[in-house]
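If you want the building blocks of each chain, they are given just below.
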Amino acid sequence: MMAIVLRLDRIMADRKISLNQLSKEVGVANVNLSKIKTGKVSAIRFSTLNEICKVLNCQPGDILEYVSDDFSE
């Protein structure tokens, strides 16, 4: 079980930005951002993470969270 949890949905809600708007501003296909948002990816490019953080004015740690395997789903 992967111990890194993606919290993009939470940051997007905090910033009141839609998936479509984020997709346009980041320059990543809507379907790919949706997979990141729902945690259905096994990897994320640093360049993508960089753009997401730039647009959302956040740190990578706001999006990526480590959860001990003992507590992960």
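Below, the structure is looked at part by part. Source: prediction; values computed, not measured.

### What about helix α4 (residues 46–56)?
Helical geometry note: an α-helix holds 3.6 residues per turn, so side chains three or four residues apart project in the same direction.
Next, step 1: Residues Thr48, Leu49, Ile52, Cys53 and Leu56 constitute the buried set of α4. Looking straight down α4, one finds its buried side chains confined to an arc of 130°; they lie on one side. Within α4, the exposed residues directed more than 90 degrees away from the buried face are Phe46 and Lys54.
Next, step 2: Tucked into the core, α4 has its buried residues touching α1 (8–15), α2 (19–26), α3 (30–37), α5 (60–63) and β2 (64–66).
Next, step 3: Of the residues one or two after α4, Asn57 is the one with positive phi, at around 50°.

Calculation criteria
Residues numbered from 1 in each chain as written. Predicted model: local features only at pLDDT ≥ 70, side-chain atom pairs only at ≥ 80, totals over all residues. Heavy atoms only, no water. Buried < 20%, exposed > 50% of the residue type's maximum accessible area, 1.4 Å probe, protein only. Helix = DSSP H or I, 4+ residues; strand = E, 2+ residues; numbered from the N terminus. Arc of directions from axis to C-beta. Contact = heavy atoms within 4.5 Å.

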